[in-house]
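Residue-level listing of the chains:
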Amino acid sequence: SQALTAIGLAMRANQQYDDALLYFDRAIATTDNNTIDIQLEIAKTYTLAQRYSEAENVFQDSLETLNENTDAEAFAVIHNGLGNIYRATHQLEKAIHEWMLAFKYYESQSDHNQTARIICDMAQARYQLGDGKRAMSDYERALLLLNSVDRETKGIVMANAAIAYADKGDVPTTESFFAEA
């Protein structure tokens, strides 16, 4: 099942989503172990293929098989994935709700990379919903994590904050953030 999953991941990386899904299905069929990790890969593949309703169904089915207390990380991954689907389908309030559920887990685990990324996702959604003040507060919260995140996450946070400050008309801060991103 590991080999089939690996082939599925390679297919997905090459944007061969239907082929990837076939390999993931075969991987599930050949294992007696917990299949939640493979189910999450299937949901991610549907999301990348912009087959959002199928991705949502897989995530929701996965939630029903999980125990939040024993599978907390998978629970967070699912809620983050649902948040991303709802953003893509312009259901921003639902997206924020799902991201908050994931955020609580990542924050409790001191996973600053995921915490900062989710804060930025929520800030973008709040900004799109017209709550610019709350969005700026979120971006400032993400900026406080900069010293404890990897380079990729730092770039994401800085670029998001730069756009927010640009929208406020704060050119010096915007330029500073883009220079660092």
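Up top is the structure these notes are about.
Residues numbered from 1 in each chain as written. Predicted model: local features only at pLDDT ≥ 70, side-chain atom pairs only at ≥ 80, totals over all residues. Heavy atoms only, no water.

Here's the deal with the environment of Arg26
Okay, step 1: Topologically, Arg26 is positioned in helix H2 (residues 17–29).
Okay, step 2: Given a relative accessible area of 46%, Arg26 falls into the partly exposed group.
Okay, step 3: Sequence separation between Arg26 and Asp121 is 95 residues, and the spatial gap between their C-alpha atoms is 34 Å. (Helix = DSSP H or I, 4+ residues; strand = E, 2+ residues; numbered from the N terminus. Buried < 20%, exposed > 50% of the residue type's maximum accessible area, 1.4 Å probe, protein only.)

Regarding the packing of aromatic side chains
Here the distance between the centres and the angle between the planes together describe a pair of aromatic rings.
Okay, step 1: All chains considered together, the criterion is met by 1 aromatic pair.
Okay, step 2: Taking 5.4 Å as the distance between ring centres and 70° as the angle between the ring planes, the aromatic pair formed by Tyr105 and Tyr106 counts as edge-to-face.
Okay, step 3: Here Tyr105 falls in the buried class, since its relative accessible area comes to 17%.
Okay, step 4: The buried category is assigned to Tyr106, whose relative accessible area is 5%. (Phe/Tyr/Trp six-rings, centres within 6.5 Å; stacked < 30°, edge-to-face > 60°.)

As for the packing of helix H1 (residues 2–13) against helix H3 (residues 36–48)
Okay, step 1: Following both chains from N to C, one finds H1 and H3 inclined at 15°, their axes separated by 11 Å at the closest point. With respect to their mutual orientation, H1 and H3 come out roughly parallel. Where H1 crosses over H3, the two elements pack in a sense that is left-handed. Residue-level inspection shows Thr5, Leu9 and Arg12 of H1 in contact with H3, the latter providing Ile38, Glu41, Lys44, Thr45 and Leu48.
Okay, step 2: Tallied by class, the residues present in the contact of H1 with H3 amount to 3 nonpolar, 2 polar and 3 charged. (Axes fitted to C-alpha atoms, helices over the stretch in contact; angles between N-to-C directions. Parallel < 35°, antiparallel > 145°, perpendicular 65-115°, else oblique. Left-handed = near helix turned anticlockwise from the far one by under 90°. Contact = heavy atoms within 4.5 Å. Nonpolar A, V, L, I, M, F, W, Y, C, P; charged D, E, K, R; others polar.)

Concerning the pattern of salt bridges
Okay, step 1: Here the structure, examined in full by the defined rule, presents 9 salt bridges.
Okay, step 2: Arg87 is the salt-bridge partner of Asp121, the closest N and O atoms lying 2.9 Å from each other. Taken together, the positions of Asp121 in helix H7 (residues 112–128) and Arg87 in helix H5 (residues 72–88) put the pair 34 residues apart, joining distant regions of the chain.
Okay, step 3: A relative accessible area of 14% means that Asp121 is categorised as buried.
Okay, step 4: With a shortest N-O distance of 3.0 Å, Arg141 and Glu107 are connected by a salt bridge. You can see Arg141 sitting in helix H8 (residues 132–143) and its partner Glu107 sitting in helix H6 (residues 92–108), a full 34 residues away along the chain.
Okay, step 5: Judged by its relative accessible area of 38%, Arg141 falls in the partly exposed class. (Salt bridge = Lys/Arg side-chain N within 4 Å of Asp/Glu carboxyl O.)

Function cannot be read off these values alone, since they describe shape.
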